[in-house]
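Residues per chain, in single letters:
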Amino acid sequence: MAERQVTFKDAVLEALAEEMRADPSVVLIGEDIGAAGGVFLQTKGLFEEFGASRVIDTPISESAIVGMAIGAAMTGLRPVVEIMFGDFITLGMDQLVNQAAKVRYMSAGGFTVPLVLRTAIGVGGNLGPQHSQSLHAWVAHVPGLKVVMPSNAADAKGLMKAAIRDGDPVVFFESRSSYNTKGPVSDGEHVVPIGKAAVTREGRNVSIVAVGAMVGVALQVAERLAGEDISVEVVDVRSLVPLDEGTILKSVKKTSRALVLDAGYAQFGVTGEIAALIAEQAFDWLDAPVMRLAAPNVPIPFSRTLEPLVIPSRDQAAAKVRELMGTR
Amino acid sequence: MTTNEKLTGDFGLSLYRGMVTIRAFEERVRSLSAAGQVPGLTHLYSGQEAVAVGVSSALQPDDAITSHHRGHGHCLASGADPVRLMAEILGRTAGYGLGRGGSMHILDPATRNLGTNGIVGGGVPLATGAALTAKTLHASWLAVAFFGDGAMNQGIVFECMNMAALWKLPVLYVCENNHYGEFTRIDDVTAGTLAGRAAVFGIPVAEIDGMDVLAVHAAAQDAVARAREGQGPSLLVCDTWRFSGHHAGDKQSYKDDAEAKNWAAKCPIETLGRRLVANKLADADSLSALRKTIEADIAAVAEQARAMPEPASASLEDHLHG
Ligand SMILES: Cc1ncc(C[n+]2csc(CCOP(=O)(O)OP(=O)(O)O)c2C)c(N)n1
Ligand SMILES: [Mg+2]
């Protein structure tokens, strides 16, 4: 099938437009997403095509936006709620944790919540401590929510389509730093199943298990280390919940060494969870302790000199891999 | 029935039956709880029956409701099966949530009940969102949120009222002011008025005697008509009183005896009964016989539910994801 080069942001936009055309119950709900087209122009053109009743501009009331979307999802709509910055999901947390996550379980499947919450996360542009966090571990902690985090344009489109069609609440994290990165997207129908990781690069010596924008870092590190005769396999986690344990474990059992890479905080976070999985279920295959690289445990600072220090870097990741290989 | 229509015997008796059923159910839960048969905490609706029954009798079967932690009355008034309701309250597998939800988490698609709710104010966004569905899909049904006076100090309620008023959503907000949130008097924690909270959004408010089922019904009829005509939300503030403690077993030492006695005299069931008798729509003996029959039915319901099995361990993860 023919492919086009599409930015991450436009790939999501394509998914939204296609699903809205196919299913009149899909609506978008969020701040500034209507005629303005979104603060990142991530909903550009949808208001013109689908009108105010399906691209719903809201007041700045995140708790109620999320809560109402749950009620709407229980009664026949498929809302895609947008929370402008991932930092603001905290305002909708009660709704996600205490309502959305539990409706199917508490009603024994009588009600479902086919809701997508999309939100832009990550460091970049000196937006400071309240507009830069990657809080995906918060929602991944709660049984009943699904959590996806695409790293490239094709997966962004395919996972958004799958999320909209899913019968459960799906939180869809988009790294702001990926928004304008182009990648190949195939023409025609493209759906990526939730709960499936991808081996993005095959290798023999070390597995880097990476999440979201960190997959790009992992691929660059793999390329660099190939020149040092270290063969790195890159696993793109894609879905945090459900986690594709099989693909991760298979890779680690093959390479016998693992680095887990995430832009969220290290403490009580995604890297620790995946490292524990590997330690518990692939211990006998390991030739070195599982390592992890994540954001240091500090608020994301504003200054141009401090901000880069909280993003896991290629140099740090390469150093960890060399350490795993005992070649440092 | 609107304010000016005449009360008929059939309708009056259906309201009476509805309220007595709730009372009998709640008193049965109370005795089961006292006997240690009810897991966890359960909040009884005795005293507030006129609100659930008065509002529900103004609704159509496809109208949606959300309820709160004191929610058995709303479930029954919306047509819940008392056996499945009791089974859930007792944590049995035949319950609405297979025994995983309990009293504060009863959801039933068949009666369009989006749930009792353990989060104070939690049902308000759900009902408002349901109303958004109705509006978006051009459906004729509406949504009702029942909540306590305590929920009127939750910010999300105002966020919802703002959007409901702005978008003229077909939603009816029903505040049951029983004057207490747990052990705290509402006046001690509330600036301004309950009615004023909706008025700022231009939402019409009716302040009604929540012990008078006919008054509640009439006000609900008006609000429902407004919502169906596309005129948007309304708020009913129903003045009421819980006859029992915050939860079954609470001794209510924080309540004033004289005040409690005064409210007891306003019992919504007695009040309607007297009115039916005065209007010659029923006689006292037949009402008392009806009460006895319903109490016996509910006792049988409780026995049936109690005999049901607890969920199997293997069901722990059922219905987590689709
Ligand atoms: C968000 C939240 N805060 C606190 C509680 C604990 N709690 C349960 S019921 C209740 C009082 C609620 O009062 P009100 O809304 O007036 O309802 P009532 O119990 O009087 O029917 C409180 C504080 C809770 N369940 N949820
Ligand atoms: Mg109260």
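Residues numbered from 1 in each chain as written. Chains lettered and ligands numbered in written order. Predicted model: local features only at pLDDT ≥ 70, side-chain atom pairs only at ≥ 80, totals over all residues. Heavy atoms only, no water.

Bringing the overall build of chain A into the picture now. A tally of helices and strands in chain A yields 11 helices and 14 strands. Here chain A has a C-alpha radius of gyration of 20 Å; the compact-globule value for 328 residues is 20 Å, and the two agree. Residues classed as buried in chain A amount to 61% of the 328 residues present. Sequence-distant contacts, at least 24 apart, represent 82% of the contacts inside chain A between residues at least 6 apart. Approximately 12,200 Å² of chain A is accessible, and the part contributed by carbon and sulfur atoms is 54%. Each charge class in chain A can be summarised by its mean position, and for the 30 positive and 37 negative side chains these summaries are 3 Å apart. (Helix = DSSP H or I, 4+ residues; strand = E, 2+ residues; numbered from the N terminus. Rg over C-alpha atoms; globule rule 2.2 N^0.38 Å. Buried < 20%, exposed > 50% of the residue type's maximum accessible area, 1.4 Å probe, protein only. Contact = heavy atoms within 4.5 Å. Areas by Shrake-Rupley, 256 points an atom, 1.4 Å probe, with all protein chains shown as cover. Lys, Arg positive; Asp, Glu negative; His and termini not counted. Charge placed at Lys NZ, Arg CZ, Asp CG, Glu CD.)

The number of helices and strands found in chain B is 11 helices and 7 strands. At 19 Å, chain B has a C-alpha radius of gyration in line with the 20 Å of a compact globule built from 322 residues. Along the longest, intermediate and shortest principal axes, the C-alpha atoms of chain B span 55 × 50 × 40 Å. Taken across its 322 residues, chain B has 56% of its residues classed as buried. Taking the contacts inside chain B whose residues are at least 6 apart along the sequence as the reference set, 74% of them involve residues at least 24 apart. Of the roughly 12,600 Å² that chain B leaves accessible, carbon and sulfur atoms contribute 53%. Here chain B contributes 27 positive and 35 negative side-chain charges, whose respective centroids are spaced 2 Å apart.

Here we come to the sheet that holds strand 3 (residues 171-177) of chain B. Strands pair in a sheet through their backbones, by hydrogen bonds, and they do so in one of two ways: parallel or antiparallel. Residues and elements named next belong to chain B. Taken together, the 5 strands give an open sheet; going across it, the order is 1-2-3-7-6, and neighbouring strands pair in parallel fashion. The outermost strands of the open sheet, each flanked by one partner alone, are strand 1 (64-66) and strand 6 (205-209). Shown here is a sheet whose adjacent strand axes are inclined to one another by a mean of 20°, direction ignored. Across 6 bridges, the pairing between strand 3 and strand 7 (residues 234-239) is parallel. Within strand 7, the position partnered with E176 by the bridge is C238. Across the face of the sheet, helix 5 (residues 123-136) comes into contact with strand 1, strand 2 (143-148) and strand 3 while running at roughly 170° to strand 2. (Pairing = 2+ DSSP bridges. Axes fitted to C-alpha atoms, helices over the stretch in contact; angles between N-to-C directions.)

What follows concerns the site of ligand 1. Residue and element names in this part refer to chain B. In the region of ligand 1, 15 residues are neighbours, and H69, R70, G118, G150 and Y180 sit closest. The separation between an oxygen atom of ligand 1 and a polar main-chain atom of G150 is 2.8 Å. Contacts to ligand 1 include A151, whose backbone N or O atom sits 3.4 Å from an oxygen atom. Here ligand 1 has 570 Å² of accessible area as a free molecule, and 75% of this is covered by the chains. Residue classes in the shell around ligand 1 are distributed as 4 nonpolar, 8 polar and 3 charged. (Near = heavy atom within 4 Å. Polar contact = N/O pair within 3.5 Å; in protein donor to acceptor, adjacent residues only side chain to side chain. Nonpolar A, V, L, I, M, F, W, Y, C, P; charged D, E, K, R; others polar.)

Residue and element names in this part refer to chain A. Over its 13 residues, helix 7 (residues 153-165) runs 19 Å from end to end, which matches the ideal 18 Å to within 8%, given 1.5 Å per residue. Within helix 7, the full set of buried residues consists of A153, A154, D155, A156, K157, G158, L159, M160, K161, A162, A163 and I164. Among the residues of helix 7, the N-terminal cap falls to N152, whose side-chain oxygen and the backbone nitrogen of A154 are separated by 3.2 Å. (Expected span 1.5 Å × (residues − 1).)

Residue and element names in this part refer to chain B. Protein coordination of the magnesium ion (ligand 2) is provided by D149 (OD), N178 (OD1) and Y180 (O), with donor distances spanning 2.0 to 2.1 Å. Taken in sequence order, the residues that donate to the magnesium ion (ligand 2) follow the motif D-x28-N-x1-Y. Here Y180 lies in strand 4 (residues 180-181) and D149 lies in the loop between strand 2 and helix 6 (155-166), a separation of 31 residues in the sequence. Residue D149 is classed as buried on the basis of its relative accessible area, which comes to 1%. Judged by relative accessible area, Y180 falls into the buried class, the value being 7%. (Donors = N, O, S within 2.8 Å, 3.2 Å for Na, K, Ca; no water.)

Moving on: the side chain of S46 of chain B. All names here are of chain B. Relative to the elements of secondary structure, S46 occurs in the loop between helix 1 (9-34) and helix 2 (49-56). On the basis of relative accessibility, which here comes to 1%, the residue S46 falls in the buried class. Only 2.7 Å separates the side chain of S46 from the side chain of E27, close enough to count as a polar contact. Leave out the neighbours within four places in its chain, and S46 touches R23, E26, E27, R30, W241, R242, F243 and S244.

At the junction of the two partners, chain B supplies 37 residues and chain A supplies 40 residues. Of the roughly 3,100 Å² buried between chain B and chain A, counting both surfaces, carbon and sulfur atoms make up 72%. Linking chain B to chain A there are 0 salt bridges. Scanning the region where chain B abuts chain A turns up 9 residue pairs in polar contact (both at pLDDT 80 or more). At the level of elements, helix 5 and helix 6 of chain B are the ones that each hand at least two residues to the side of chain B that touches chain A. Broken down by element, the residue count for the side of chain B that touches chain A peaks at 8 residues, all from helix 5 of chain B. Per-class residue counts for the side of chain B that touches chain A are 19 nonpolar, 13 polar and 5 charged. (Buried area = accessible area lost by both parts, 1.4 Å probe. Salt bridge = Lys/Arg side-chain N within 4 Å of Asp/Glu carboxyl O.)

All names here are of chain A. Within the open sheet, the 5 strands sit side by side as 9-11-10-13-14. Their pairing is mixed. The open sheet is flanked by strand 9 (198-201) and strand 14 (291-295), the only strands paired with a single partner. For this sheet the average axis-to-axis angle between neighbouring strands, irrespective of direction, equals 25°. Bridge analysis of strand 10 (residues 206-210) against strand 13 (residues 258-265) gives 4 bridges, and the strand direction is parallel. Along strand 13, the bridge assignment pairs S207 with A258. Sheet strands touched by helix 9 (residues 245-255): strand 9, strand 10, strand 11 (232-236) and strand 13. Its angle to strand 11, the strand with the most contacts, is close to 175°. Packing of helix 11 (residues 314-325) onto the sheet brings it into contact with strand 10, strand 11, strand 13 and strand 14, and relative to strand 14 it is tilted by some 165°.

Residues and elements named next belong to chain A. Looking at chain A, the domain boundaries give domain 1 (7-186) and domain 2 (198-325). A C-alpha centroid distance of 26 Å is found between domain 1 and domain 2. Counting residues at the interface gives 26 residues for domain 1, matched by 24 residues for domain 2. Between domain 1 and domain 2, roughly 1,900 Å² of surface is buried when both sides are summed, and carbon and sulfur atoms account for 60% of that area. Ranking the residues of domain 1 by area buried against domain 2 places V123, N126 and M149 at the top, with a combined share of 31%. Counting the contacts that link domain 1 with domain 2 gives 1 salt bridge. Notably, a salt bridge pairs R238 with D155, separated by 3.0 Å at the nearest N-O pair. For the pair domain 1 and domain 2, the interface holds 8 residue pairs in polar contact (both at pLDDT 80 or more). Elements with a minimum of two residues in the side of domain 1 that touches domain 2: helix 6 (136-140), strand 6 (146-148) and helix 7. Grouping the amino acids of the side of domain 1 that touches domain 2 by side-chain chemistry returns 11 nonpolar, 13 polar and 2 charged. (Domains from an automatic or database assignment.)

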